[in-house]
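Listed here are the chains, written in short residue letters.
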4 protein chains.
Amino acid sequence: MSEVARDPRPPYIAVIGDREPRGPDAHRILEWAEEVGQLLARGGAAVLTGGLGGVMRAAARGAAGAGGLTIGILPGEDAEEANEYIRVPIATGLGVARNIVLVTSSDVVVAVGGRHGTLSEIGMALRQGRHVAALSSWRVENEQRMGGPRIHRAHDSREAAQLALRLAEEGPVRPLAG
Amino acid sequence: MSEVARDPRPPYIAVIGDREPRGPDAHRILEWAEEVGQLLARGGAAVLTGGLGGVMRAAARGAAGAGGLTIGILPGEDAEEANEYIRVPIATGLGVARNIVLVTSSDVVVAVGGRHGTLSEIGMALRQGRHVAALSSWRVENEQRMGGPRIHRAHDSREAAQLALRLAEEGPVRPLAG
Amino acid sequence: MSEVARDPRPPYIAVIGDREPRGPDAHRILEWAEEVGQLLARGGAAVLTGGLGGVMRAAARGAAGAGGLTIGILPGEDAEEANEYIRVPIATGLGVARNIVLVTSSDVVVAVGGRHGTLSEIGMALRQGRHVAALSSWRVENEQRMGGPRIHRAHDSREAAQLALRLAEEGPVRPLAG
Amino acid sequence: MSEVARDPRPPYIAVIGDREPRGPDAHRILEWAEEVGQLLARGGAAVLTGGLGGVMRAAARGAAGAGGLTIGILPGEDAEEANEYIRVPIATGLGVARNIVLVTSSDVVVAVGGRHGTLSEIGMALRQGRHVAALSSWRVENEQRMGGPRIHRAHDSREAAQLALRLAEEGPVRPLAG
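Predicted model only: the values in this text are computed from it and were never measured.

Asker: Residues and numbers for the overall build of chain A, please.
Answerer: Each helix and strand counted, chain A has five helices and eight strands in total. If you list the helices and strands of chain A from N to C, you get β-α-β-α-β-β-α-β-α-β-β-β-α. Scored against the burial criterion, the 178 residues of chain A give a buried share of 65%. Expressed as a percentage of contacts within chain A between residues at least 6 apart in sequence, the contacts between residues at least 24 apart total 58%.

Asker: Can you tell me about the environment of B:L52, naming the residues and giving the values?
Answerer: Residues and elements named next belong to chain B. When you line up the elements, L52 lands in the loop between β2 (46-49) and α2 (55-65). A C-alpha to C-alpha distance of 6.9 Å links L52 and R19, two positions 33 residues apart in sequence. Residue contacts for L52: discarding those within four places in its chain leaves R19, R57, L74, P75, E81, N83 and R98.

Asker: Explain the pattern of salt bridges to me, and be specific about the residues and the numbers.
Answerer: All names here are of chain C. With the rule as written, the count across this model stands at 24 salt bridges over all chains. Here R9 makes a salt bridge to D107, at a shortest N to O gap of 3.1 Å. Here the residue R9 occupies a position in the segment before β1 (12-16), and D107 occupies one in the loop between α3 (98-104) and β5 (108-112), the gap between them amounting to 98 residues. Residue class for R9 comes out partly exposed when judged on its relative accessible area of 25%. In this structure, the salt-bridge partner of E84 is R57, at a minimum N-O distance of 2.5 Å. Here E84, found in the loop between β3 (70-74) and β4 (88-91), pairs with R57, found in helix α2 (residues 55-65); they are 27 residues apart in sequence, far enough to count as distant. Its relative accessible area of 33% is what places E84 among the partly exposed residues.

Asker: Report on the sheet that holds strand β3 (residues 70-74) of chain D, specifying residues and quantitative values.
Answerer: Residues and elements named next belong to chain D. Strand order in the open sheet formed by seven strands is β4-β3-β2-β1-β5-β6-β8, with parallel pairing between adjacent strands. Since the sheet does not close on itself, it has two edges, and those belong to β4 (88-91) and β8 (151-154), each with one partner. When strand polarity is set aside, the average angle formed by the axes of neighbouring strands in this sheet is 25°. Strand direction decides the pairing type here: strand β1 (residues 12-16) and strand β2 (residues 46-49), joined by three bridges, are parallel. Bridging across to β2, A14 finds its partner in L48. The sheet strands contacting helix α2 (residues 55-65) are β1, β2, β3 and β5 (108-112), and the helix crosses β2 at an angle near 165°. Across the sheet, helix α5 (residues 157-170) touches β1, β5, β6 (131-135) and β8, and the angle it forms with β8 is around 150°.

Asker: So what's going on with the relation of the copies chain D and chain A? Which residues, and what values?
Answerer: With an RMSD of 0.0 Å, the fit of chain D onto chain A corresponds to turning through 180° and sliding 0.0 Å along the axis. What the rotation and shift describe, once combined, is the action of a two-fold rotation axis.

Asker: Account for the nonpolar core, naming residues and giving values.
Answerer: Of all hydrophobic cores here, the largest spans 111 residues; its most connected members are A:I71, B:I71 and C:I71. Once residues lying within four places of it in the same chain are set aside, the contact partners of B:I71 are B:Y12, B:V47, B:L48, B:T49, B:I86, B:V88, B:I90, C:V88 and C:I90.

Asker: Pulling in residues and values, what's your account of the interface of chain D and chain A?
Answerer: Each partner contributes residues to the interface: chain D has 38 residues there, and chain A has 38 residues. For the pair chain D and chain A, the number of links is zero salt bridges. Of all elements in the fold, only α1 (26-42), α2, β3, β4 and α3 (98-104) of chain D reach the threshold of two or more residues within the side of chain D that touches chain A. Its residues placed into classes, the side of chain D that touches chain A shows 18 nonpolar, 10 polar and 10 charged.

Asker: Outline the packing of helix α1 (residues 26-42) of chain A against helix α2 (residues 55-65) of chain A, supporting the account with residue identities and numerical values.
Answerer: Residues and elements named next belong to chain A. Packing of α1 against α2 leaves a shortest axis separation of 6 Å and a crossing angle of 35°. The chirality of how α1 crosses α2 is right-handed. Between α1 and α2, the residues in contact are I29, L30, A33, E34, G37, Q38 and A41 and V55, A58, A59, R61, G62 and A63, respectively.

Asker: Give a description of the environment of C:L30 that names residues and reports values.
Answerer: Residue and element names in this part refer to chain C. Structurally, L30 can be placed in helix α1 (residues 26-42). According to the relative accessible area criterion, L30 is partly exposed, its value standing at 30%. A C-alpha to C-alpha distance of 9.4 Å links L30 and E20, two positions 10 residues apart in sequence. With residues up to four places along the chain from it excluded, the contact list for L30 reads P21, G54, V55 and A58.

Asker: Quick rundown of the sheet that holds strand β6 (residues 131-135) of chain C? Include the residues and the values.
Answerer: All names here are of chain C. Read across the open sheet, the seven strands follow the order β4-β3-β2-β1-β5-β6-β8; overall the sheet is parallel. The sheet is open, and its two borders are formed by β4 and β8 (151-154), each paired with just one other strand. Across the sheet, the mean angle from the axis of one strand to that of its neighbour is 25°, orientation sign disregarded. Pairing of β5 with β6, which is carried by five bridges, proceeds in the parallel orientation.

Asker: Would you mind going over the confidence of the model for chain A in detail, with residue names and values included?
Answerer: This prediction gives chain A a mean pLDDT of 89; 88% of its residues lie at or above 70. As scored by the predictor, the complex reaches a pTM of 0.91 and an ipTM of 0.90.

Asker: Can you explain the packing of aromatic side chains? Please cite residues and give values.
Answerer: Under the defined criterion, the tally for this structure stands at zero aromatic pairs over all chains. Between the NZ or CZ atom of B:R9 and the centre of the ring of B:Y12, over which it lies, the distance is 4.4 Å.

Asker: Any chance you could break down a negative patch on the surface for me, citing the residues and the numbers?
Answerer: Residues and elements named next belong to chain A. Together, E77, D78, E80 and E81 make up a negatively charged patch on the protein surface. Relative to the elements of secondary structure, E81 occurs in the loop between β3 (70-74) and β4 (88-91). Owing to a relative accessible area of 40%, E81 belongs among the partly exposed residues under this scheme.

Asker: An account of empty space enclosed by the protein is requested, with residue identities and associated values reported.
Answerer: Counted according to the given criterion, the structure contains two cavities of 30 Å³ or more. Of the pockets and cavities examined, the largest cavity occupies roughly 50 Å³. The wall of the largest cavity is formed by A:I100, A:V103, A:T104, A:M124, A:R127, A:Q128, B:V96, B:S120 and B:M124. If you list the elements that add at least two residues to the lining of the largest cavity, you get α3 (98-104) and α4 (116-127) of chain A together with α4 (116-127) of chain B.

Asker: Describe in detail the pairing of β4(A), supporting the description with residues and values.
Answerer: Residue and element names in this part refer to chain A. Burial along β4 is two-sided: the residues V88 and I90 and P89 and A91 are all buried. Here four bridges tie β3 to β4, and the two strands are oriented parallel to one another. Bridging from a neighbouring strand, G72 pairs with P89 of β4.

Asker: Before we move on, can you summarise helix α4 (residues 116-127) of chain D with the specific residues and values?
Answerer: Residues and elements named next belong to chain D. When the terminal C-alpha atoms of α4 are compared, their 16 Å separation across 12 residues agrees well with the 16 Å that a helix rising 1.5 Å per residue should span. α4 sits mainly inside the fold: 12 of its 12 residues count as buried. Listed in full, the buried residues belonging to α4 are H116, G117, T118, L119, S120, E121, I122, G123, M124, A125, L126 and R127. The positive-phi residue at the C-terminal boundary of α4 is G129, with phi of around 85°.

Rules used in this analysis
- Residues numbered from 1 in each chain as written.
- Chains lettered and ligands numbered in written order.
- Predicted model: local features only at pLDDT ≥ 70, side-chain atom pairs only at ≥ 80, totals over all residues.
- Heavy atoms only, no water.
- Helix = DSSP H or I, 4+ residues; strand = E, 2+ residues; numbered from the N terminus.
- Buried < 20%, exposed > 50% of the residue type's maximum accessible area, 1.4 Å probe, protein only.
- Contact = heavy atoms within 4.5 Å.
- Salt bridge = Lys/Arg side-chain N within 4 Å of Asp/Glu carboxyl O.
- Pairing = 2+ DSSP bridges.
- Axes fitted to C-alpha atoms, helices over the stretch in contact; angles between N-to-C directions.
- Least-squares fit on C-alpha atoms with pLDDT ≥ 70 in both.
- Core = buried A, V, L, I, M, F, W, Y, C linked by side-chain atoms within 4.5 Å.
- Nonpolar A, V, L, I, M, F, W, Y, C, P; charged D, E, K, R; others polar.
- Left-handed = near helix turned anticlockwise from the far one by under 90°.
- pLDDT = per-residue confidence, 0-100.
- Phe/Tyr/Trp six-rings, centres within 6.5 Å; stacked < 30°, edge-to-face > 60°.
- Lys NZ or Arg CZ within 6 Å of the ring centre and 35° of its normal.
- Patch = residues over 30% accessible without salt bridge, like charges linked within 9 Å, V, L, I, M, F, W, Y side chains within 5 Å.
- Areas by Shrake-Rupley, 256 points an atom, 1.4 Å probe, with all protein chains shown as cover.
- Lys, Arg positive; Asp, Glu negative; His and termini not counted.
- Charge placed at Lys NZ, Arg CZ, Asp CG, Glu CD.
- 1 Å grid on protein atoms, 1.4 Å probe; cavity = no way out; pocket = protein on both sides within 12 Å on 5 of 7 lines; lining within 4 Å.
- Points joined across faces, edges and corners; volume = space filled by probe spheres on them.
- Expected span 1.5 Å × (residues − 1).

Shown next, in the form of structure tokens:
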């Protein structure tokens, strides 16, 4: 059997955010998510999401429209739940614990808006040594200064995508204990 | 066979924080964790932790010293890894994903200090509809205001324990989508 | 603060089986599960189950009636789902993946009847190095002989409980790779 | 932005087995795994494995050599652990619990040889309503007859691949309770 050389893996970048963005910014959030997905795919990255609606669908739509690889890490047991822009659905059956799989399988995470589910994913991402680019998302601060992975604030979709692509080149940060 | 009436379950309160607190506050953090554990047990709560060292051990030590039930939700496959103050060790084998089990099995979470692992647990707790009492721990804010579970800041161990016991009486908040 | 010596942990023995046993043996299966729970508790073991109905409830009922510690490793996010004989409910939020927590946190597993969910738990138990005592449950065989943990067939509830208590004394077997 | 129609998803077929097959059949097992991977890819299926060595690597090698999509559901936190034939690595960070993700994300499972880890995956697959094609792997039987998903025995790699491709067309079976 002939040897098959694996192409270098593209950067894996997760885009996280609300399934149903609400409030006055909802439209802008979805637009940003789609632009981020598109720019990441143009930059050569695979785009991972939770595979469902809202920000997840918008980001996958942007990436798929630009010819990118879209991976959906689903909470349920049925791959058919993936939105129509997901090329590779992974039905985990883990419920909310699938978020750990999403951030761990990614090199970098982009948060676009988001509520508590997104905060938990940001926390998990940092815990797993992944940098986070945040667009209109959570601010966190701690009384103890620490090094390691961190949240990088972006002001528009272009800055978020550029940050993420640059951070992905640097690779995961060694996770901190604790 | 005789019927056995189950006693009402005590409040289940998780205490989370660093395995190895560092820096100038490390000693104070451990002291607070032990006091919080003691006060929670005196208040009738079962104290859940990640079962290992640092804040986890200090909180369990405080609770066990006050005669409380201490439950350790361990990352590994060996119950012997639990610290010596854990009465009920649960070896999950899930690695870092055990944090979801810890916050989901608790009614309320108390964060004492902590780094990224603690931030991820705070995020998960809020995502699962659990209030968080925070003592020298993460501040988070979001551009979007939202209701539901939230982080309540405490200034000392007594205030943290009282907050947690009071919030536990109210029970979990219905988780928000997203 | 006074030192608290932890009592030696009792053996942790899981009883697994159907949530709703069906067929001509359903009544016998439930009776056996209750007897096994009772005998394990009398033998000094803590009894772990999936915390819901059927075999899980019968085993917990038997153990609680004998004054034993009963732990329920629940699939959902609400401890109130535990049956009324569970003293320590652990709401994992993991869905079916909670079965890994159940077998990993136990020293030995007793299977009473059971369908595919039980087979998967038996497989996980063996994979995690836990012996299985099987009462009217799955037979498995492999073309490759191997050492390590295995399924011990019992013919009644007394034999199943005795086997489990004896195997628990020996402790977990070192898991095999693969 | 232009609409992107998703191509119909190919069948997702998992190939499971030992990381280090041993004994007199080890060579045959690896050969079979590679042939199964190749035949599945030729039949249009994506091949999912645990992403590591032994049967996992052989199956991915066969599939990649035939131009198929290979997905690796890894236990660790580092995608670089994937063998060189994996095109889409998913680093779950879940340890042994990643096996649930592997079988749940697949439509059908092929077991080639295997020890306890493989038995647990077979059990989980059946529990999740997935049929299993077994080649020199576990036999299981139960005193209670039941319908639903089952283990189909194959005698060579061609029969295993054909069975799996045919069963994948039928789709997952509704999981049984229990």
